[in-house]
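# Coordinate inspection notes
What follows is the residue order along each chain.
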Amino acid sequence: MKQRASYQLFADIPPFLRRHDLACRQPGVDPAAFFPAADGSPERQRRAEQAAAGICAGCPAVDECAAWALATCQDHGVWGGLTPADRQRIRARRAAA
Ligand code: SF4
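Description of the structure in this document.

Conventions and cut-offs
Residues numbered from 1 in each chain as written. Predicted model: local features only at pLDDT ≥ 70, side-chain atom pairs only at ≥ 80, totals over all residues. Helix = DSSP H or I, 4+ residues; strand = E, 2+ residues; numbered from the N terminus. Buried ≥ 20, exposed ≤ 12 C-beta atoms within 10 Å, placed from the backbone. Contact = placed C-beta atoms within 7 Å. Core = buried A, V, L, I, M, F, W, Y, C linked by C-beta atoms within 7 Å. Near = placed C-beta within 6 Å. Nonpolar A, V, L, I, M, F, W, Y, C, P; charged D, E, K, R; others polar.

Time to look at the overall build of the protein. Scanning the protein from N- to C-terminus turns up four helices and zero strands. Put simply, the protein runs from its N terminus to its C terminus through helices and strands in the order α-α-α-α. The 97 residues of the protein split such that 18% are buried. Contacts in the protein between residues far apart in sequence, at least 24 positions, make up 46% of those at least 6 positions apart.

Here you go:
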């Protein structure tokens, strides 16, 4: 039963995340950088998110990643160069349109 659950989890991974040329999969890039911990300093959080978004800017899948994060309502982390606040604003704008 456990094995079936892990197969399901793998099947849910969007195809673009299996690419080897993603900016976040390159040597020296810490995947944790895309999920900066909230440590009580909004300015530090903003800087960490902007640094991660800067890495995304050079990614060949940036648009696809952003679209996926919006479509699947990812609440955490930087995806496709968008911070959680960016995605919240975009979703709110779309809902109001
Ligand atoms: S856009 Fe950013 S988070 Fe998405 S795959 Fe590329 S580097 Fe990773």
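The biggest cluster of nonpolar side chains holds twelve residues, and these are Ala-48, Ala-52, Cys-56, Cys-59, Ala-61, Val-62, Cys-65, Ala-66, Ala-69, Val-78, Trp-79 and Leu-82. Elements with a minimum of two residues in this core: helix 2 (42–57) and helix 3 (62–71). The leading source of residues in this core is helix 3, at four residues.

Taken together, Leu-22, Ala-23, Cys-24, Phe-34, Ile-55, Cys-56, Cys-59, Ala-61, Val-62, Cys-65, Trp-79 and Gly-80 make up all the residues around the ligand. Listing elements by their share of the shell around the ligand, those giving two or more residues are helix 2 and helix 3. Of the residues in the shell around the ligand, the class split is eleven nonpolar, one polar and no charged.

Unusually for a residue other than glycine, Cys-73 sits at a positive phi of about 55°. Exposure remark for Cys-73: the 9 C-beta atoms within 10 Å place this residue in the exposed category.

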